[in-house]
Amino acid sequence: MYCIIAGGGKVGANVARSLLRLGHEVTLIEQRRDRFDRLEDEFEHQVQRGDATELYVLERAGVTRPPDILLALTGDDEDNMVIAQLAKEKYNVEKVIARVNDPRNQAHFDLLGISPTICATSGIMALVEHEVPEHDLIHLLELRRENLEIVEVQIDRDSPVAGKRVENLRLPEGSRLISVMRNGQAEIAVGSTSLEIGDQVLAILEPGKEDELRRVLLKK
C-alpha cells in the first residue's frame, strides 16, 4: 500500500513508523523546517518538506499516482480540510482520513463530506463518559458514511425491559441491539437474550433515534 501522510508531528510520525513496520510505502510531508530536519534523520527520502495544501507539494509526494490512502494529520483543522478536499476532489484519492483537532470543527468536516475523521478529544470524552455511571446513554462511535452510530446503555433497576427477552422489545425502527455485557462477559444479542439489571447493552441505530431508544430501554 502507498500512503501519503500530511503532517509530521507526533501523530503523523508515529503513524508513518507503524505503516513502515508493516511494510507499506510511505511519504511524509512536513512544513516546519526544524521538525523536517529531525524527521529527515529518521525517514530520509521518505519525508518531504512543504505545505501539503499546495498542489505542487502534493504532486511531488506522488498524489497523482494516486496513493491508496491519504492521511491529513496536521495540527491545523483548516489545513486538514483543504488537504482532504484536494485529495478527494482534484486527485480522486479514494480513501482519505482527516484529523479533527478541535471537536467544534467536526460540523465543518461533515458539511464538506470529509469522512472518515478522527478526533482524539472526542475519543477521550467517550471513554470518560463510559466510566461515569450517571450517563445512561453513551455515544461510542459514529459511522458517518453509513449514517449510523453505536451507543451503550446500562439497564438500571427502573428499566422496563429488565427481565425481558430481546425478541419481545419494541425497539425504534432503524435500531438494533448488538451485544450484552454481563459480569465482564459479552455475548451477541439475539432474540432469546434476556436483559438483566446492570447489563451494559450496545446498540446500533440511525442518528436522532437516541431518545426513542432511551424511552424503550430506560423510560426516561
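Small disclaimer: the values here were computed from a predicted structure and weren't measured.

Hey, could you run me through the environment of Leu195 in this one?
Position of Leu195 among the secondary structure elements: in the loop between strand 10 (185-188) and strand 11 (200-205). On the basis of relative accessible area, Leu195 is assigned to the buried category, the value being 0%. With residues up to four places along the chain from it excluded, the contact list for Leu195 reads Val161, Ala162, Gly163, Lys164, Val166, Leu169, Leu177, Val180, Arg182 and Val201.

I'm lost on the nonpolar core in this one. Help?
Soluble globular proteins: nonpolar side chains tend toward being buried together. Residues Ile4, Ile29, Leu58, Val63, Leu70 and Val93 are the most contacted members of the largest nonpolar core, which totals 24 residues. Contributions of two or more residues to this core are made by strand 1 (2-6), helix 3 (55-61), strand 4 (69-72), helix 4 (77-90) and strand 5 (96-99). Among the elements that take part in this core, helix 4 stands out by supplying five residues, more than any other. Filtering out sequence-adjacent residues up to four positions away, Val93 remains in contact with Val63, Pro66, Pro67, Leu70, Ala87 and Lys88. In terms of nonpolar packing, the next biggest core, distinct from the first, is built from 17 residues, Val153, Val161, Ala189 and Leu195 among them.

How should the sheet that holds strand 2 (residues 25-30) be read in this particular structure?
Backbone-to-backbone hydrogen bonds join strands into a sheet, with any given pair of strands oriented parallel or antiparallel. Read from one edge of the open sheet, six strands run 3-2-1-4-5-6, paired in parallel fashion. Pairing within the sheet leaves two strands with one partner each, and these edge strands are strand 3 (47-49) and strand 6 (117-118). On the sheet, helix 2 (residues 33-43) packs against strand 2 and strand 3 and is oriented at approximately 155 degrees with respect to strand 3.

Got a minute to help me understand the pattern of salt bridges in this structure?
Under the definition given, this model contains 10 salt bridges. In this structure, Arg104 and Asp102 form a salt bridge, with 2.8 Å as the shortest nitrogen-oxygen distance. Overall, the relative accessible area of 69% leaves Arg104 in the exposed class. Asp102 gets classed as partly exposed once you look at its relative accessible area, which sits at 22%. Between Arg182 and Asp199 there is a salt bridge, with its nearest N and O atoms 2.7 Å apart. Remark: Asp199 occurs in the loop between strand 10 and strand 11 and Arg182 occurs in strand 9 (residues 175-182); sequence separation between them is 17 residues. The class of Arg182 is partly exposed, set by a relative accessible area of 21%.

Which parts of the structure should I look at to understand the layout of surface pockets?
Where empty space is left can be seen by rolling a probe of water-molecule size over the atoms. Considering only enclosed or pocket space, the second largest pocket measures out at about 240 Å³ in volume. Every residue lining the second largest pocket is counted, 22 residues in all, and those nearest its centre are Gly7, Glu30, Gln31, Thr74 and Gly75. Elements represented by at least two residues in the lining of the second largest pocket include exactly helix 1 (10-21), strand 2 and helix 4. In terms of residue count, helix 1 provides more of the lining of the second largest pocket than any other element does, three residues in total. Counted by class, the lining of the second largest pocket contains six nonpolar, eight polar and eight charged residues.

Just checking my understanding: could you explain the sheet that holds strand 8 (residues 148-154) for this structure?
Taken together, the five strands give an open sheet; going across it, the order is 7-8-11-9-10, and neighbouring strands pair in antiparallel fashion. Looking at which strands have only one partner, the edges of the open sheet turn out to be strand 7 (137-143) and strand 10. Pairwise comparison of adjacent strand axes, ignoring direction, gives a mean angle of 20 degrees for this sheet. Both strand 9 and strand 11 contribute to a ladder of six bridges, which runs antiparallel. Bridging from a neighbouring strand, Ser175 pairs with Leu205 of strand 11. Sitting on the sheet, helix 7 (residues 210-217) touches strand 7, strand 8, strand 9 and strand 11, and the angle it makes with strand 8 is about 25 degrees.

Conventions adopted
- Residues numbered from 1 in each chain as written.
- Predicted model: local features only at pLDDT ≥ 70, side-chain atom pairs only at ≥ 80, totals over all residues.
- Heavy atoms only, no water.
- Helix = DSSP H or I, 4+ residues; strand = E, 2+ residues; numbered from the N terminus.
- Buried < 20%, exposed > 50% of the residue type's maximum accessible area, 1.4 Å probe, protein only.
- Contact = heavy atoms within 4.5 Å.
- Core = buried A, V, L, I, M, F, W, Y, C linked by side-chain atoms within 4.5 Å.
- Pairing = 2+ DSSP bridges.
- Axes fitted to C-alpha atoms, helices over the stretch in contact; angles between N-to-C directions.
- Salt bridge = Lys/Arg side-chain N within 4 Å of Asp/Glu carboxyl O.
- 1 Å grid on protein atoms, 1.4 Å probe; cavity = no way out; pocket = protein on both sides within 12 Å on 5 of 7 lines; lining within 4 Å.
- Points joined across faces, edges and corners; volume = space filled by probe spheres on them.
- Nonpolar A, V, L, I, M, F, W, Y, C, P; charged D, E, K, R; others polar.

Honestly, it's all geometry; don't read function into it.
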